[in-house]
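Working through the structure, step by step
What follows is each chain in one-letter form.
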Amino acid sequence: MASDGARKQFWKRSNSKVPGSIQHVYGAQHPPFDPLLHGTLLKAAPKAPTTPVKAKRVSTFQEFESNTSDAWDAGEDDDGLLAMAAESLNSDVVMETANRVLRNHSERQERHKRWEAPGPEQKSKPSAEPPPVPSGDLRLVKSVSESHTSCPAEELRKLSWSGIPKPVRPITWKLLSGYLPANVDRRPATLQRKQKEYFAFIEHYYDSRNDDVHQDTYRQIHIDIPRMSPEALILQPKVTEIFERILFIWAIRHPASGYVQGINDLVTPFFVVFMCEHIEEEEVDAADVSRVPADVLRNVEADTYWCMSKLLDGIQDNYTFAQPGIQMKVKMLEELVSRIDEPVHRHLEQHEVRYLQFAFRWMNNLLMREVPLRCTVRLWDTYQSEPDGFSHFHLYVCAAFLVRWRKEILEERDFQELLLFLQNLPTAHWGDEDISLLLAEAYRLKFAFADAPNHYKK
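Basis of the calculations
Residues numbered from 1 in each chain as written. Predicted model: local features only at pLDDT ≥ 70, side-chain atom pairs only at ≥ 80, totals over all residues. Heavy atoms only, no water. Buried < 20%, exposed > 50% of the residue type's maximum accessible area, 1.4 Å probe, protein only. Helix = DSSP H or I, 4+ residues; strand = E, 2+ residues; numbered from the N terminus. Contact = heavy atoms within 4.5 Å. Core = buried A, V, L, I, M, F, W, Y, C linked by side-chain atoms within 4.5 Å. Axes fitted to C-alpha atoms, helices over the stretch in contact; angles between N-to-C directions. Left-handed = near helix turned anticlockwise from the far one by under 90°. Nonpolar A, V, L, I, M, F, W, Y, C, P; charged D, E, K, R; others polar. Salt bridge = Lys/Arg side-chain N within 4 Å of Asp/Glu carboxyl O. Phe/Tyr/Trp six-rings, centres within 6.5 Å; stacked < 30°, edge-to-face > 60°. Patch = residues over 30% accessible without salt bridge, like charges linked within 9 Å, V, L, I, M, F, W, Y side chains within 5 Å. Areas by Shrake-Rupley, 256 points an atom, 1.4 Å probe, with all protein chains shown as cover. Lys, Arg positive; Asp, Glu negative; His and termini not counted. Charge placed at Lys NZ, Arg CZ, Asp CG, Glu CD.

**Considering helix α20 (residues 373–383)**
Burial of α20 is extensive: 10 of the 11 residues sit out of reach of the surface. Taken together, the buried positions of α20 are L373, C375, T376, V377, R378, L379, W380, D381, T382 and Y383. On its buried side, α20 packs onto α9 (152–160), α10 (169–176), α15 (267–275), α16 (294–313), α21 (389–403) and α24 (432–449).

Next comes the structure, spelled out in structure tokens:
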């Protein structure tokens, strides 16, 4: 067993704060705005109704709510779920999942078919330790209410690790991010309060976007949004305006970083997932947002802002001056790959390919530019289920992602061709199965290396 001293080394996760001496990048000249000190703004803000849920999509998630809402004290603060997030994922269950995926891919396919057409005997058997469930099955959440667990939040995280069913993904993401309180009775009031707070920020700050001190920030945001994907969604005027407001307000309220390119991509998954509640189309990518009621769009905008803020709270050092968080993570990735696949590492080194040349974007955009949006959403199901998923676990996902292409990498003998390949990996046709395999390998790496400092000693 490693000593306490040995654990305080390069691979241990850091919870250090951003030094106060870091220079500001774009934006945030105002101090953080407290709506409680600006009562008139809150009164002026239009009343925002709580986000409606489609009545026709009746699922067993209501059973989960009714059976677990009393597990939290009614007086807990809104960040109670964040404390629960610090608890470790049930490693035995997830390791079993990872091994099963890696052992026999065809078994997973057969299991998928059986879940799509379950027999009566399957419905009657609750399971406290459910197998990996395909992301289209609503009974995933039902098993939470059927199992007698002392920690529903931990159970929800365990189930979400293998993928969240689309109909309950919006509310599950809000729960896992810590934005939505676990107690059902407190959710409407919390949503209404946070939505009012966000639009109070808009009223207080947004008109300053063309001021001399903020115009560079706003101009950069305005330039970056049309470059995002999916274009059919992002380039709709209403969506463009929503993204501009979200990014500008976040920059104003976070002076340590302000707006940095890359943050804009992190808005999209939340917006798309939350829009799924209100759009009939199978894919939101090209949906006509102009048909969505204005009050619904307001709610989605506010929810997107707060959930994105929760995510960025854990990785803000990625975007402060000189982006030290990314620099450190790329170095850690290089060190990890040198241990798990020395031939790949040596091949990159011999051809003078630097990890920063391809992995900087992997960290800056959380692989969003490397895989299709549908894969990002599935990836984020797991990231939000893992403690420090967007910061710590993402490192292992990147390592698994690089090694996934070892055959192609080792075949390339030219610097330019090698770098072009790494910057344009062929993932256009990837789906949930590819992401599941990637996550399983990433978990195996984390299980083997995260708490084993001796593995990193030469």
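After presenting the structure, the write-up continues.
**A look at the nonpolar core**
Nonpolar side chains in soluble globular proteins generally cluster together in the buried interior. Within the largest apolar cluster, 112 residues are counted, with the highest numbers of intra-cluster contacts made by L266, L348 and W380. Apart from the residues within four sequence positions on either side, L348 is in contact with V353, Y355, F358, L402, I409, L418 and L422.

**Structural notes on the packing of α20 against α24**
One can describe the packing of α20 onto α24 by two numbers: an axis separation of 9 Å at closest approach and a directional angle of 40 degrees. By crossing handedness, the relation of α20 to α24 is classed as right-handed. Across the interface between the two elements, R374, C375, R378, L379 and T382 from α20 touch D432, I435, S436 and L439 from α24. Classifying every residue of the contact of α20 with α24 gives four nonpolar, two polar and three charged.

**What about the pattern of salt bridges?**
Scanning the model with the defined rule gives 17 salt bridges in all. Put simply, R219 and D216 hold a salt bridge, and the shortest N to O gap is 2.7 Å. Of the two residues, R219 and D216 are both situated in helix α12 (residues 215–224); the distance of three residues between them amounts to about one turn of the helix. Judged by its relative accessible area of 42%, R219 falls in the partly exposed class. Residue class for D216 comes out partly exposed when judged on its relative accessible area of 40%. Linking D341 and R406 is a salt bridge whose minimum nitrogen-to-oxygen distance equals 2.6 Å. Here R406 lies in helix α22 (residues 406–411) and D341 lies in the loop between α17 (324–340) and α18 (342–350), a separation of 65 residues in the sequence. One connected set of salt bridges, linked through shared partners, spans K174, E277 and D303.

**Some points on the packing of aromatic side chains**
Counted by the stated rule, this structure contains 25 aromatic pairs. Judged by centre distance (5.8 Å) and plane angle (90 degrees), the ring pair of W161 and Y443 falls under edge-to-face. Taken together, the residues W161 in the loop between α9 and α10 and Y443 in helix α24 connect sequence positions 282 residues apart. Accessibility expressed as a relative area gives 4% for Y443, which makes it buried. Look at W362 and F401: their rings are 5.1 Å apart centre to centre, the planes differ by 70 degrees, and that puts the pair in the edge-to-face class. A residue pair is termed long-range when its members are at least 10 positions apart, and W362 in helix α19 (residues 356–364) and F401 in helix α21 qualify at 39 residues. Judged by its relative accessible area of 0%, F401 is buried. Feature note: the residues W161, W173, F270, F274, W380, Y383, F390, F393, Y443 and F447 constitute an aromatic cluster, connected by ring pairs.

**Remarks on a negative patch on the surface**
A contiguous patch of negative charge, built from E203, D207, D211 and D212, is present on the exposed surface. Positionally, E203 belongs in helix α11 (residues 187–205). What makes E203 partly exposed here is its relative accessible area of 37%.

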